[in-house]
Amino acid sequence: LSTNLLQNQHDPQCRHIFIQSNHSTAWLNCSASMLKLLFTFHQVDPSFLEFVYTFGSHDEPVDAFLSYFQNEDDLYSSQLSPIVTLNRSGREIRHSFLLRGIEIGPQHPSTTTDSWIVRQVGVYHAFDVINGRTVWITLKGNSRLQKVIREDSPSLPDGSLGASFEASLATHLIYFHWCTHSWRWFVRDIEGRIKKALFVAKELGQREISDDKIQTLHTGDMSVSFAGMKSRSSWQKLRERLQTTDENCQRTLDSDGNQPGESTDFWHGFKQKGLLAITHGPLTNLISRLEEVILVVQLDISTLEDVCEKYEKLVDRGDVGEELRATMKNSVAVFVGKVRQMIRGLEVRHKQLHSLQASVKEGKALFESMMQFRTFQASHRSAITMEKETVSMHVVTVVTMLFLPATFISTFFQSGIIQLRETEGFEGQWMLHMEAFALYIQICIPLTAVTMFVWFLVNYRAKLKSIRTLSEAQVNGTVDKRETSV
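Cut-offs applied
Residues numbered from 1 in each chain as written. Predicted model: local features only at pLDDT ≥ 70, side-chain atom pairs only at ≥ 80, totals over all residues. Heavy atoms only, no water. Helix = DSSP H or I, 4+ residues; strand = E, 2+ residues; numbered from the N terminus. Expected span 1.5 Å × (residues − 1). Bend = angle between axes of the 7 residues up to and from the residue. Salt bridge = Lys/Arg side-chain N within 4 Å of Asp/Glu carboxyl O. Buried < 20%, exposed > 50% of the residue type's maximum accessible area, 1.4 Å probe, protein only. Contact = heavy atoms within 4.5 Å. Axes fitted to C-alpha atoms, helices over the stretch in contact; angles between N-to-C directions. Parallel < 35°, antiparallel > 145°, perpendicular 65-115°, else oblique. Left-handed = near helix turned anticlockwise from the far one by under 90°. Nonpolar A, V, L, I, M, F, W, Y, C, P; charged D, E, K, R; others polar. Phe/Tyr/Trp six-rings, centres within 6.5 Å; stacked < 30°, edge-to-face > 60°. Lys NZ or Arg CZ within 6 Å of the ring centre and 35° of its normal. UniProt positions renumbered as here; feature names shortened; annotations may be inferred. Pairing = 2+ DSSP bridges. pLDDT = per-residue confidence, 0-100.

- Going by an unreviewed UniProt entry, the protein chain carries the name CorA-like transporter domain-containing protein and comes from Cercophora samala.

Let's talk about helix α10 (residues 322–414)
Item 1. Here α10 contains 93 residues, and its C-alpha end-to-end distance of 129 Å stays within 8% of the 138 Å for a straight helix at 1.5 Å per residue.
Item 2. Maximal helix bending in α10 amounts to about 40°, located at M328.
Item 3. A positive backbone phi angle near 90° is found at G416, which sits one or two residues after α10.

A closer look at the pattern of salt bridges
Item 1. Under the counting rule described, the total for this entry stands at 12 salt bridges.
Item 2. In this structure, the salt-bridge partner of E292 is R289, at a minimum N-O distance of 3.8 Å. With E292 and R289 both in helix α9 (residues 277–315), this residue pair falls three residues apart, about one helical turn.
Item 3. For E292, a relative accessible area of 27% corresponds to the partly exposed category.
Item 4. Among the salt bridges present, the one from K313 reaches E309, with a minimum N-O distance of 3.1 Å. Of this pair, K313 and E309 both sit in helix α9, four residues apart, which is roughly one turn of that helix.
Item 5. Salt bridges sharing common partners tie together D11, R88, E92, R94 and R133.

A few points about the environment of V297
Item 1. If you trace the backbone, V297 turns up in helix α9.
Item 2. Linking V297 and E347, residues 50 residues apart in sequence, is a C-alpha distance of 7.9 Å.
Item 3. Those residues in contact with V297 that sit more than four places away from it in its chain are W183, L346, H350 and L353.

Observations concerning the packing of helix α4 (residues 144–152) against helix α5 (residues 161–180)
Axis angle and axis distance: for two packed helices, these are the angle between their axes and the distance between the axes, and together they describe the pair.
Item 1. Between α4 and α5, the shortest axis-to-axis distance is 10 Å and the interhelical angle comes to 140°. What the angle tells us is that α4 and α5 run oblique. The crossing of α4 and α5 is right-handed. Across from L145, V148, I149 and D152 in α4, the residues of α5 making contact are I174, Y175 and W178.
Item 2. Along the lines of polarity and charge, the residues of the contact of α4 with α5 split into six nonpolar, no polar and one charged.

Points about the packing of aromatic side chains
Item 1. This model, assessed by the stated rule, comprises 13 aromatic pairs.
Item 2. Arranged with centres 6.2 Å apart and planes meeting at 15°, the rings of F456 and Y460 form a pair that is stacked. In this pair, F456 and Y460 are both assigned in helix α11 (residues 434–485), four residues apart and thus about one turn of the helix distant.
Item 3. Overall, Y460 belongs to the partly exposed group, its relative accessible area being 44%.
Item 4. An aromatic cluster is present here, built from F97, F127, W136, F165, Y175, F176, Y311 and F335 joined pairwise through their rings.
Item 5. Positioned above the aromatic ring of F41, the side-chain terminus of R88 is 4.9 Å from the ring centre.
Item 6. Looking at K310, its charged tip hangs above the ring of Y311, at a distance of 5.8 Å from the centre.

What about the UniProt feature "transmembrane region" (unreviewed entry) in the protein chain?
Item 1. If you check UniProt for "transmembrane region" (unreviewed entry), the listed places come out as residues 395–417 and 437–458 in our numbering.
Item 2. Helix makes up 87% of residues 395–417 and strand 0%, with an end-to-end C-alpha separation of 33 Å.
Item 3. For residues 437–458, the helix share is 100%, the strand share is 0%, and the end-to-end C-alpha distance is 32 Å.

Looking at the sheet that holds strand β3 (residues 92–104)
In a beta sheet, neighbouring strands are held together by backbone hydrogen bonds and run either parallel or antiparallel to one another.
Item 1. Strand order in the open sheet formed by five strands is β1-β5-β4-β3-β2, and the pairing between neighbours is mixed. Here the strands that pair on one side only, and so sit at the sheet edges, are β1 (14–20) and β2 (68–71). Between one strand and the next, the sheet's axes are offset by a mean angle of 15°, whatever the strand orientation.
Item 2. Pairing of β3 with strand β4 (residues 116–128) involves 13 bridges; the strand directions are antiparallel. Counted as the bridge partner of L98 is G122 from β4.
Item 3. On top of the sheet, α4 reaches β1, β3, β4 and β5 (134–140); it is set at about 165° to β1, its chief contact.

Here we look at the confidence of the model for the protein chain
Item 1. Taken residue by residue, the protein chain gives an average pLDDT of 76. The fraction at 70 or more is 72%.
Item 2. The low-confidence segment residues 208–235 (pLDDT under 50) makes 43 contacts with residues lying over four places distant or belonging to another chain.

Let's talk about the pairing of β5
Item 1. Summarising burial for β5: seven of the seven residues are buried, a large majority.
Item 2. Neither face of β5 is left uncovered, since the one carrying T134, W136, T138 and K140 and the one carrying V135, I137 and L139 both have all their residues buried.
Item 3. Where β1 and β5 come together, seven bridges link them in parallel fashion. Bridging across to β5, F18 finds its partner in T138.
Item 4. Summarising the sheet, β4 and β5 pair through seven bridges and their orientation is antiparallel. Bridging across to β5, G122 finds its partner in L139.
Item 5. Where β4 hands over to β5, the hairpin turn is made up of five residues, of which G132 adopts a positive phi near 75°.

Structure below.
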């Protein structure tokens, strides 16, 4: 690196430095000593390290999809000393920005998530207003942007300050185009996934919500109450529709132009996991995904607005030199117009994503209402079953109570304690054997007491065990809360 930087007596007219990594959450392919040498040689402002810290080895992307612009101009008061041997005047337009864009990434065949990945690019730019020397430092997780810049960067005529400035503006547009051009295809792809996930909701919603027997209540965004379906015919009608919806959806999806095998796999899972389970999870994931990309688009819009504002103010400054000022006004006007057009495109995508997010939330609310209905339906069936079982138990209890006294008396008479007159010699109709009755009492009462005591002891130990388990759970929960707060 040192040999490459010092191979000439002065800096080239334009230098691009690309620092890459194997993927977006991997270490940069640059050691700390190389980074120090590189930034020191080019007198990079320390604030650019804020963008460097967003790269590195992480399990998940960090900094909440951060994108912003930093202005580090050194024109009014020169903090940089001129270096004549390197052809540096010390008066530079300097800034850096961090942008996020959407790119197609690898998708594993076993996963069902989309293959779009939010990637970032950190850019440092310095333009010498005296000799037109330009430096670009690009941090990127792959080489796609490097290939585009090599192919589309404008050529620089030697000694033309205005042409160098226009070339720097054109290079800005390459970075901005990277962060804006893929959103159209992402929106189209996510829209198709939303339609697929919401198809069952729309099918049931159009059939059931329009029915007079279903009352619609609005709590929050949307909720559906099935309290109006009280008659048995209504329950039977909805159950038949729930059972036949998959067949109607299968025919519609097959005629919708899907790829071979796509609808088959979907409806196989639909039949295995159930109507609501196969759709509620994807809807929740889509909501989370849309929240992330909406934030990315919004922050990119703010970054591009800051760049336009910076160059618009630069036109009115009187310390950029007469030669550069002659071409700056028209060049900046064209540049700002193109960036504003990109901003309008991002604003359109931002509105589209908000609309899709609202649709997904409505679909999720509808599915949650359907899940509540199915829970209510199961509870209703359980209540009917329990009612039948309760009636049966009542019948058994009544019959048992009717026959219990007679059964006890017949058993008592058969024990021999009371003997009826069957032969001569009895003074009355029956005779009580007191010794046998006393033996019966001596055995029956203690045995009953022992049985009740054992039952009480077992029940008491079970209660103690339950109380001990509850106390341990409360103690563990308190400890976990303390550790979390610490």
